[in-house]
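Topology and contacts: notes
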Amino acid sequence: MYEPIRSKSVHAMAGAPSSDFPHRSREEELDIQLAGHLAALLAVTDEIRTLAPSADLDAGVQRLTEQVTRLRGGTPPRAPAAPADAAPGASRLATLHRRAHALAGRALVVAASRADTAAAILSAERMDAHASAAEPRELATH
C-alpha cells in the first residue's frame, strides 16, 4: 500500500559522523573570522587614507596587509584607490573612523579568543588610532 522510500534520509543520527561536507576546526573558523574582520578594517582604512592621507594610516595598512596575508595564505584583494572628488566632510571621516574602530574591536575579540598576540596588538593599536582620530571631529561638531 505504501511505496518504499528510495532516497537517503535528510536527518542525521545523533553521534553518527557526517561525511557529506568538510568540517573545520574551531581554530580554522576563528582564523577565517579574524581574516575577514582584518580585511574589512583594511578596506575602511584604505578609504580613510584616500580621503585624509597620513603616515600612521600607511603603516596601519602595511601591517594589516601582512596579517591578512598570514591568515589567508595570500595577499588580500585591494580596491583601487578612488580619487577624492572634494575635501572630505568631517562627518564622513568621523563615520569611517567609527566604523574602523568597531571593526578593530571585533578583530581584537577574535584575536584574543584564538590567542593571536600579533593580531590582538595590531587591533588594539588600530582601535586607539581610530578612536583618537574620530574624537576631535566629534567634539568640534557639538
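Read on for an overview of the structure. (Residues numbered from 1 in each chain as written. Predicted model: local features only at pLDDT ≥ 70, side-chain atom pairs only at ≥ 80, totals over all residues. Heavy atoms only, no water.)

Regarding the packing of helix α1 (residues 26-51) against helix α2 (residues 55-72)
Running from N to C, α1 and α2 point in directions that differ by 155°, and their axes come no closer than 9 Å. When the axis of α1 is compared with that of α2, the two are roughly antiparallel. Considering only the axes of α1 and α2, their crossing is left-handed. Here D31, L34, A35, G36, L38, A39, L41, L42, T45, D46, I48 and R49 of α1 lie close against α2, whose contacting residues are L57, D58, V61, L64, T65, Q67, V68, L71 and R72. In terms of residue class, the contact of α1 with α2 is made up of 12 nonpolar, 4 polar and 5 charged. (Axes fitted to C-alpha atoms, helices over the stretch in contact; angles between N-to-C directions. Helix = DSSP H or I, 4+ residues; strand = E, 2+ residues; numbered from the N terminus. Parallel < 35°, antiparallel > 145°, perpendicular 65-115°, else oblique. Left-handed = near helix turned anticlockwise from the far one by under 90°. Contact = heavy atoms within 4.5 Å. Nonpolar A, V, L, I, M, F, W, Y, C, P; charged D, E, K, R; others polar.)

Remarks on the nonpolar core
Judged by nonpolar contacts, the single largest core of 26 residues is most densely connected at L34, L38, L41, V44, I48 and L64. Among the secondary structure elements, those contributing two or more residues to this core are α1, α2, α3 (90-113) and α4 (117-141). In terms of residue count, the dominant contributor to this core is α1 (9 residues). Contact partners of L38, with chain neighbours within four places excluded, come to L64, Q67, V68, L71, A107, A119 and S123. (Core = buried A, V, L, I, M, F, W, Y, C linked by side-chain atoms within 4.5 Å. Buried < 20%, exposed > 50% of the residue type's maximum accessible area, 1.4 Å probe, protein only.)

Some remarks on the pattern of salt bridges
Scanning the model with the defined rule gives 9 salt bridges in all. Between D46 and R49 there is a salt bridge whose closest N-O contact spans 3.5 Å. Of this pair, D46 and R49 both sit in helix α1, 3 residues apart, which is roughly one turn of the helix. You can call D46 buried: its relative accessible area is 12%. Residue R49 is classed as partly exposed on the basis of its relative accessible area of 27%. Where D116 meets R114, a salt bridge forms, and the shortest distance between an N and an O atom there is 2.3 Å. In the salt-bridge network here, residues are joined through shared partners; they are D31, R70, R114 and D116. (Salt bridge = Lys/Arg side-chain N within 4 Å of Asp/Glu carboxyl O.)

Here we look at the environment of I32
Take I32: it is sitting in helix α1. You can call I32 partly exposed: its relative accessible area is 45%. Taking the C-alpha atoms as reference, I32 lies 7.5 Å from L71; in sequence the two are 39 residues apart.

So, unusual backbone geometry
When glycine is set aside, most residues are seen to have a negative phi, and most peptide bonds are trans. You will see that A115, though not glycine, has its phi angle at about 60°, which is positive. Residue class for A115 comes out exposed when judged on its relative accessible area of 65%.

What to know about the packing of α1 against α3
In contact at an axis separation of 9 Å, α1 and α3 are set at 160° when each is read in the N-to-C sense. Considering their axes alone, α1 and α3 lie roughly antiparallel with respect to each other. The handedness of the crossing between α1 and α3 comes out as left-handed.

Structural notes on α1
Relative to the 38 Å expected for 26 residues at 1.5 Å per residue, α1 spans 38 Å between its end C-alpha atoms, a close match to the ideal helical length. Buried within α1 we find L30, L34, A35, H37, L38, A39, L41, L42, V44, T45, D46 and I48. (Expected span 1.5 Å × (residues − 1).)

Side note on α3
The end-to-end C-alpha distance of α3, which contains 24 residues, comes to 35 Å, matching closely the 34 Å that a straight helix rising 1.5 Å per residue would cover. Of the residues making up α3, those classed as buried are L93, A94, L96, H97, A100, L103, A104, G105, A107, V110 and A111. Just past α3, the residue A115 takes up positive phi, approximately 60°.

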